[in-house]
Amino acid sequence: MKQYLETGKITGTHGLRGEVRVQPWADSPEFLAEFDELYLDKGAKKIEISSSRVHKNMLIMKIKGVDTIEQADSLRNKVLYMNRDDVELDEGTYFIQDLIGLDVIDCDTGERVGRLDDVSETGANDVYHIKTDDGRVFLIPVIPDVVKDISPEDGYIKIFRMKGLFD
């Protein structure tokens, strides 16, 4: 598992005093606003966040040591990373990046259905994109009736194939 996880992208500057606009890739901009430290360069460079606030589903962030619009502009298109050790997930909650690539197994037959290729967040529930070995993609809702067991440590997600999901 990766220690540093992508969590957002600096998309531009805000004002003249070195603030940056950040597109959050987390569950919510509020989640990302809670961090005092983030990382650049896949975790190689730690940055300290002196302030951040949510503005129109984006974050306006002030990074310590970035005090001019030119310094802020030099960070445009940089990806921000968080250290997984800085977050305590609730039981049964996982980072999407830890789920991508897991084998998807039919819990009744033990048959491998495919692998998890992507996750869409729809609001009501997430949707797993299951890619079969022949390249087809099926979308399944992440609800208790369908997703029965998730084990990133063991490399699988077990699902119940409801009628119609894989037709």
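Below or above, wherever it landed, is the structure these notes cover. It should be emphasised that the depicted structure is a prediction, and the values quoted were computed from it without experimental measurement. (Residues numbered from 1 in each chain as written. Predicted model: local features only at pLDDT ≥ 70, side-chain atom pairs only at ≥ 80, totals over all residues. Heavy atoms only, no water.)

As paired strands, strand β1 (residues 4–14) and strand β6 (residues 79–83) are joined by five bridges and run antiparallel to one another. When the bridges of β6 are listed, Gly8 appears paired with Leu80. Across six bridges, the pairing between β1 and strand β2 (residues 19–24) is antiparallel. Looking at β2, one finds that Lys9 is bridged to Gln23. A loop of four residues connects β1 with β2, the two strands running antiparallel in sequence, and Gly15 in this loop sits at a positive phi of about 75°. (Pairing = 2+ DSSP bridges. Helix = DSSP H or I, 4+ residues; strand = E, 2+ residues; numbered from the N terminus.)

Taken as a whole and assessed by the stated rule, the structure comprises two aromatic pairs. A centroid spacing of 5.4 Å and a plane angle of 80° characterise the contact between Phe31 and Phe35, whose relative ring orientation is edge-to-face. Sitting over the face of the ring of Tyr156, Lys158 holds its NZ or CZ atom 5.0 Å from the ring centroid. (Phe/Tyr/Trp six-rings, centres within 6.5 Å; stacked < 30°, edge-to-face > 60°. Lys NZ or Arg CZ within 6 Å of the ring centre and 35° of its normal.)

Moving on to the layout of surface pockets. By volume, the largest pocket is sized at about 680 Å³. What lines the largest pocket is a set of 25 residues, among which Asp27, Thr93, Tyr94, Phe95 and Ile96 lie closest to the centre. For the lining of the largest pocket, the secondary-structure elements that each account for two or more residues are β1, α3 (96–99), β8 (112–121) and β9 (126–131). When grouped by side-chain class, the residues that make up the lining of the largest pocket number 15 nonpolar, four polar and six charged. (1 Å grid on protein atoms, 1.4 Å probe; cavity = no way out; pocket = protein on both sides within 12 Å on 5 of 7 lines; lining within 4 Å. Points joined across faces, edges and corners; volume = space filled by probe spheres on them. Nonpolar A, V, L, I, M, F, W, Y, C, P; charged D, E, K, R; others polar.)

Attention now moves to the side chain of Thr13. Along the polypeptide, Thr13 turns up in strand β1. You can call Thr13 buried: its relative accessible area is 15%. If we skip the residues at most four places from it in the chain, Thr13 touches Glu19, Val20, Arg21, Ile69, Ala72, Asp73 and Arg76. (Buried < 20%, exposed > 50% of the residue type's maximum accessible area, 1.4 Å probe, protein only. Contact = heavy atoms within 4.5 Å.)

Time to look at the sheet that holds strand β12 (residues 156–159). A sheet is described by the order of its strands in space; here six strands give the open sequence β10-β9-β8-β7-β12-β11, paired in mixed fashion. Edge positions in the open sheet fall to β10 (137–141) and β11 (147–151), since each of these has one partner strand only. Strand-to-strand twist in this sheet, taken as the mean axis angle between neighbours without regard to direction, amounts to 35°. In this structure, β11 lies alongside β12, joined through four bridges in antiparallel fashion. Note on β12: the bridge partner recorded for Val147 is Ile159. (Axes fitted to C-alpha atoms, helices over the stretch in contact; angles between N-to-C directions.)

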